[in-house]
Amino acid sequence: MADHCTGMEHRDGELDQRIVSFYEELRARFPDHPPYDPESPWMSAPLGAGIDHMSMNISYSPRGSEALDVVLDLAERYGPVIYDPQGDEVTGLGGDYEVPVGPGD
């Protein structure tokens, strides 16, 4: 899924309302469109969104930590799985997964 989300081709189809709601609430709290706030937690904007996923680059800063807390809270509400490629960590509704994510998973 991580490779799919970062690839150039994205699935066509109906939007997943959970992703739409997640994205809308996240953007309401931390806008990803002009005018850009100098205190924005996003390293690049707008955030990447597909019908079944989102991708974001969060700054390593107090504002980024605040955004991460919001992302995790929203994930509990809407249910997406969160993948952090820097730590190769996957978090979902049921808690942290202990099996590392690798090619072909």
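None of the values given here were measured: they were computed from a predicted structure.

(A) View of the pattern of salt bridges. Tallying each qualifying case throughout the model produces 5 salt bridges. Note that R18 and D16 form a salt bridge whose closest N and O atoms lie 2.5 Å from each other. The salt bridge involving D32 is made with R27; its shortest N-O contact spans 3.7 Å. Residue class for R27 comes out partly exposed when judged on its relative accessible area of 29%. In the salt-bridge network here, residues are joined through shared partners; they are R29, R63 and E66.

(B) Structural context of the confidence of the model for the protein. On average, residues of the protein score 81 in pLDDT, and 77% of them reach the 70 mark or higher. Throughout residues 95-105 the model reports pLDDT below 50, and contacts reaching past four residues in sequence, or to other chains, amount to 12 contacts.

(C) Representation of unusual backbone geometry within the structure. Cis geometry marks the peptide bond from P34 to P35; its omega dihedral reads -5°. By secondary structure assignment, the location of P35 is in the loop between α2 (17-29) and β1 (48-49). For the peptide bond that leads from A45 to P46, omega is 0°, which places it in the cis range.

The rules behind each value
- Residues numbered from 1 in each chain as written.
- Predicted model: local features only at pLDDT ≥ 70, side-chain atom pairs only at ≥ 80, totals over all residues.
- Heavy atoms only, no water.
- Salt bridge = Lys/Arg side-chain N within 4 Å of Asp/Glu carboxyl O.
- Buried < 20%, exposed > 50% of the residue type's maximum accessible area, 1.4 Å probe, protein only.
- pLDDT = per-residue confidence, 0-100.
- Contact = heavy atoms within 4.5 Å.
- Helix = DSSP H or I, 4+ residues; strand = E, 2+ residues; numbered from the N terminus.

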